[in-house]
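Residue-level structure breakdown
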Amino acid sequence: GGGASPRADGLRVTPAITRATTTSATMTKRRRRQSRAVTLTVRVAASDEPSSRPKKSDEKYSNLTKMRSEAQAPFRTARMFVFGAFAANAALGLSIATLQAVTKALGAPSAPPLDQSLQNIGIDLGAALFFGYLYKKDAENREKQMARISREERLSALKCELSSGKVVSLFDLRGFSRVVIAAGDADYCNASIAAAEAVRDPLLERGVLVIPLVLGGRGVGQINSAQIDAPDDATDRRFRATPVYTDKWTAWIDEQKREAKVAEGKGVYVGLRMDGRVRSSGVGTPPWEKFAKELPPADKWGGFLDGFDGRVGVDT
């Protein structure tokens, strides 16, 4: 009468166990979600930290610039290695000879004679200074060369508009045109164009493309176009191109002028080879007649190993 059967007890306990199991599973799932959320938050926070972001390259010059430098001066790296090794060897000998001289002066009986140590010091010091100077000179020449190549690479990214309305970069013109940039005020640009007109046909045969740049403008397309004489005919339009994004052109020209220590307001020209390298540059009107005489026709080579535009100099 008063006691319940084991079966009835078991039936009464089962719902409580079920509720506890369900609650435990729910809490476990909730903890897992919280754990995933925390992990995701940590990952996002870590990705936003400056230390985990992809670091920009601190290298001053691109790999392409270094490769071009090696190609133009193939023996410089070997020379710098030899000069550096000899300078280091002489510095080591200098330290040893100095130590021997000091120990002899202090009365060490087994040290070499003092006059011999002093002679070794003089020889090692002279060798260290000599090979150190040669290494430093090569390093400075390499820096100048790579700076020049880097400027040429930035120049190749500048864009111009052809007479057809197509916008291309100077890199796209490699192998087809010898670009000559005439940069200055409007009078200088008009004078340069007029001088080029006198030998236009020979220059066209040699693939010369004139790009007049009026300095001081900003923006996209031709700057101060009203100040530049318009092309007379279709042939002249093929002979000329219009710079676009002229703020970048002006910045490049200004850098060149600072490098060459050219005064502000001076008109300058920059002539490129067909391979995009700077062939000549200077102050004043471009020497069109000289270009017409020296440059080979666009469909011919100047000679064996002469490249596209006369003899190719190899930096040493």
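Below or above, wherever it landed, is the structure these notes cover. Throughout this document, residue positions are counted from 1 along each chain, in the order its sequence is written. The predicted nature of this model means local features are confined to residues of pLDDT at least 70 and side-chain atom pairs, given and counted, to a pLDDT of 80 or more, with totals for whole chains, interfaces and linings taken over all residues. Processing note: side-chain calculations cover all non-hydrogen atoms of the structure and skip hydrogens and water entirely.

With that settled, the discussion passes to the sheet that holds strand S2 (residues 167–169). Neighbouring strands of a sheet are bound in pairs by backbone hydrogen bonds; such pairs are parallel or else antiparallel. Strands are treated as partners if at least two bridges between them are detected by DSSP. Helix numbers and strand numbers start at the N terminus; a helix is a DSSP run of H or I with at least 4 residues, a strand a run of E with at least 2. Pairing in this open sheet of three strands is antiparallel, and the strands run S2-S1-S5 from one edge to the other. Both edges of this open sheet fall to S2 and strand S5 (242–244), since each of them pairs with a single strand only. In this sheet, adjacent strand axes meet at a mean angle of 40° when their direction is disregarded. Here, two residues are considered to be in contact whenever any of their heavy atoms come within 4.5 Å of each other. To get an axis, a line is fitted to the C-alpha atoms, and for a helix only the part in contact is used. The angle between two axes follows their N-to-C directions and goes from 0 to 180 degrees. Seen against the sheet, helix H8 (residues 246–260) touches strand S1 (159–161) and S5 and runs at an angle of roughly 95° to S5.

Spatially, four strands are ordered S4-S3-S6-S7 in an open sheet, and the strand pairing comes out mixed. The open sheet terminates on both sides in strands that have one partner only, identified here as strand S4 (208–214) and strand S7 (278–283). On average, adjacent strands in this sheet sit at an angle of 15° to one another, irrespective of strand direction. Relative to S7, strand S6 (residues 268–272) is paired through five bridges, and the arrangement is antiparallel. Residue pairing for S7: Val 270 is matched across the bridge by Ser 281. Each of strand S3 (178–184), S4 and S6 is contacted by helix H5 (residues 186–197), which is oriented at about 145° to S3, the strand it contacts most.

Note that all results are geometric; they support no functional claim without further evidence.
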